[in-house]
Amino acid sequence: VRDVYETGYEWINHSLRPKHLDIEEVRMSVGSKECSQPYSASLLNISAMSFGALSANAIRALNTGARMGGFAHDTGEGGFSAYHREPGGDIVWQIGTGYFGCRDKHGDFSLDHLVETTNKHSSIRALEIKLSQGAKPGLGGILPASKITPEISRIRGIPMGQDCISPSGHDAFSDADSLLDFVEQVAESTGL
């Protein structure tokens, strides 16, 4: 027997008089007064899943849902693909340690590539900096050469025919102070 009145026991009841919620009531502003483009974020969004881990059709479907539902779609660290932008849903572009989509030919962070892409695509509403490999902290990640298609190579800005290594940490910053400097430089340069 369960005591439904016990502290910590939770449930949801149907209401005889449900309240209509204005969509603005269930959103929160992301970005302080210093932010040139604060984002009104839904409390529920699509979490980070990369193209390559998911198919083009899956990315399109998720982004279509984000557009229809008025919430954001996080790209995951695999970069910002055409499939993320086709349906027109709001995008949070995740920047991980591999700097996919915003890296130079040596694999280092490229502010120029980031600015160029964010300026071209207004659907990118926010940037997220992934600090390390969550499932493999301290180890980094690997995408074997055999799984790198020409399309993944183009989207991520990585070479064909060799393993793609996501380092365990960032090269663009090394401590809390340089992380904040990095964030400020990115924000000032992109307007996000």
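Everything below is about the structure shown above.
Everything numeric in this text was worked out from a predicted model, so none of it was measured.

Draft legend 1. Region of interest: the side chain of His121. Secondary-structure assignment places His121 in the loop between helix 3 (111–120) and strand 5 (124–129). In this view, His121 contacts Phe80 and Arg85; residues no more than four positions away in its chain are not counted.

Draft legend 2. Focus on a negative patch on the surface. Among the surface-exposed residues, Asp175, Asp177, Asp181, Glu184 and Glu188 lie close enough to one another that they form a single negatively charged patch. The residue Glu188 is located in helix 5 (residues 176–190) in this model.

Draft legend 3. Structural view of the pattern of salt bridges. Per the counting criterion, the structure on display carries four salt bridges. Across the salt bridge formed by Arg60 and Glu86, the nearest N and O atoms sit 2.6 Å from each other. In this pair, Arg60 is assigned in helix 1 (residues 56–69) and Glu86 in the loop between helix 2 (82–85) and strand 4 (90–95), connecting sequence segments 26 residues apart. The partly exposed category is assigned to Arg60, whose relative accessible area is 27%. For Glu86, a relative accessible area of 47% puts it in the partly exposed group. Note that Arg125 is salt-bridged to Asp90, the shortest N-O span being 3.7 Å. Of the two residues, Arg125 sits in strand 5 while Asp90 sits in strand 4, which places them 35 residues apart along the sequence. Asp90 gets classed as buried once you look at its relative accessible area, which sits at 19%.

Draft legend 4. Seen up close, the environment of Asp104. Its location among the elements puts Asp104 in the loop between strand 4 and helix 3. Owing to a relative accessible area of 25%, Asp104 belongs among the partly exposed residues under this scheme. For the pair Asp104 and Ser132, spaced 28 residues apart in the sequence, the C-alpha separation amounts to 20 Å. What Asp104 contacts, discounting residues up to four positions off in sequence, is Ser110 and His113. Here the side chain of Asp104 touches His106 through a polar contact of 2.8 Å, landing on its backbone nitrogen.

Draft legend 5. Spotlight on the packing of aromatic side chains. In total, this model carries five aromatic pairs according to the counting rule given. Consider the rings of Phe173 and Phe182, whose centres lie 5.2 Å apart with planes at 45 degrees: the pair is tilted. One cation-aromatic arrangement involves Arg156 over Phe100; the distance from NZ or CZ to the ring centre is 5.0 Å.

Draft legend 6. The arrangement of the sheet that holds strand 4 in detail. Spatially, three strands are ordered 3-4-5 in an open sheet, and the strand pairing comes out parallel. The open sheet is flanked by strand 3 (72–74) and strand 5, the only strands paired with a single partner. Ignoring which end each strand starts from, the neighbouring axes of this sheet average 25 degrees apart. Sheet topology places strand 4 next to strand 5; five bridges connect them, and they run parallel. Paired with Ile95 across the two strands is Ile129, which belongs to strand 5. Helix 1 rests against strand 3 and strand 4 of the sheet, and its axis sits at about 150 degrees to strand 3.

Definitions and limits used
Residues numbered from 1 in each chain as written. Predicted model: local features only at pLDDT ≥ 70, side-chain atom pairs only at ≥ 80, totals over all residues. Heavy atoms only, no water. Helix = DSSP H or I, 4+ residues; strand = E, 2+ residues; numbered from the N terminus. Contact = heavy atoms within 4.5 Å. Patch = residues over 30% accessible without salt bridge, like charges linked within 9 Å, V, L, I, M, F, W, Y side chains within 5 Å. Areas by Shrake-Rupley, 256 points an atom, 1.4 Å probe, with all protein chains shown as cover. Salt bridge = Lys/Arg side-chain N within 4 Å of Asp/Glu carboxyl O. Lys, Arg positive; Asp, Glu negative; His and termini not counted. Charge placed at Lys NZ, Arg CZ, Asp CG, Glu CD. Buried < 20%, exposed > 50% of the residue type's maximum accessible area, 1.4 Å probe, protein only. Polar contact = N/O pair within 3.5 Å; in protein donor to acceptor, adjacent residues only side chain to side chain. Phe/Tyr/Trp six-rings, centres within 6.5 Å; stacked < 30°, edge-to-face > 60°. Lys NZ or Arg CZ within 6 Å of the ring centre and 35° of its normal. Pairing = 2+ DSSP bridges. Axes fitted to C-alpha atoms, helices over the stretch in contact; angles between N-to-C directions.

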